[in-house]
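Examination of the molecular architecture
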Amino acid sequence: MKAGREIKRMCTGCGEMFDKRTLVRVVKSPEGEVSLDLTGKKNGRGAYVCNNLECLKKARKKKAFERAFSMKIDDAVYDRMEEEIKNGQK
């Protein structure tokens, strides 16, 4: 990869393309646990969302992560992700 080249990813909430480093990765671990990956280095399948509550809520409403990970995601998991994004924006 060439130096200075941006890697683009699509936000699952708003559907816009952004530099990967500006987005938050949501990961499904090999054990099937879904969580935010603030480091971007957790092992597993990833999907991306803007670092704001509105995009996370849009992704939740569209069931975008459920489609990306081919599994049902409990409300408690979404609630925890919302709290983590809220706490990160202070």
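Everything below is about the structure shown above.
Bear in mind the structure is a predicted one, so any value in this text is a computation, not a measurement. (Residues numbered from 1 in each chain as written. Predicted model: local features only at pLDDT ≥ 70, side-chain atom pairs only at ≥ 80, totals over all residues. Heavy atoms only, no water.)

Some words on helix α3 (residues 75-88)
- Compared with an ideal rise of 1.5 Å per residue, which puts 14 residues at 20 Å, α3 spans 20 Å between its outermost C-alpha atoms and is within 8% of the ideal.
- Along its buried surface, α3 packs onto β3 (23-28), β4 (34-37), β5 (45-50), α1 (53-62) and α2 (64-69). (Helix = DSSP H or I, 4+ residues; strand = E, 2+ residues; numbered from the N terminus. Expected span 1.5 Å × (residues − 1). Contact = heavy atoms within 4.5 Å.)

Section: the sheet that holds β4
- Ordered by their spatial adjacency, three strands build an open sheet running β4-β3-β5, and the pairing between neighbours is antiparallel. The sheet is open, and its two borders are formed by β4 and β5, each paired with just one other strand. Direction aside, the axes of adjacent strands within the sheet are offset by 30° on average.
- Of the strand pairs in this sheet, β3 and β4 are connected by four bridges, and their pairing is antiparallel. Pairing of V27 across the sheet is with S35, part of β4.
- Each of β3, β4 and β5 is contacted by α3, which is oriented at about 15° to β4, the strand it contacts most. (Pairing = 2+ DSSP bridges. Axes fitted to C-alpha atoms, helices over the stretch in contact; angles between N-to-C directions.)

Details of the pattern of salt bridges
- Following the criterion strictly, the structure yields seven salt bridges and no others.
- Here R60 and E82 are joined by a salt bridge, their closest N and O atoms 3.0 Å apart. Separated by 22 residues along the polypeptide, R60 in helix α1 and E82 in helix α3 bring together distant segments of the chain.
- Judged by its relative accessible area of 22%, R60 falls in the partly exposed class.
- Between K86 and E83 there is a salt bridge whose closest N-O contact spans 3.4 Å. With K86 and E83 both in helix α3, this residue pair falls three residues apart, about one helical turn.
- Looking at K86, the relative accessible area reads 39%, which means it is partly exposed.
- With a relative accessible area of 39%, E83 lands in the partly exposed category.
- Several salt bridges converge on common partners, so that one network encompasses R60, D75, D79 and E82. (Salt bridge = Lys/Arg side-chain N within 4 Å of Asp/Glu carboxyl O. Buried < 20%, exposed > 50% of the residue type's maximum accessible area, 1.4 Å probe, protein only.)

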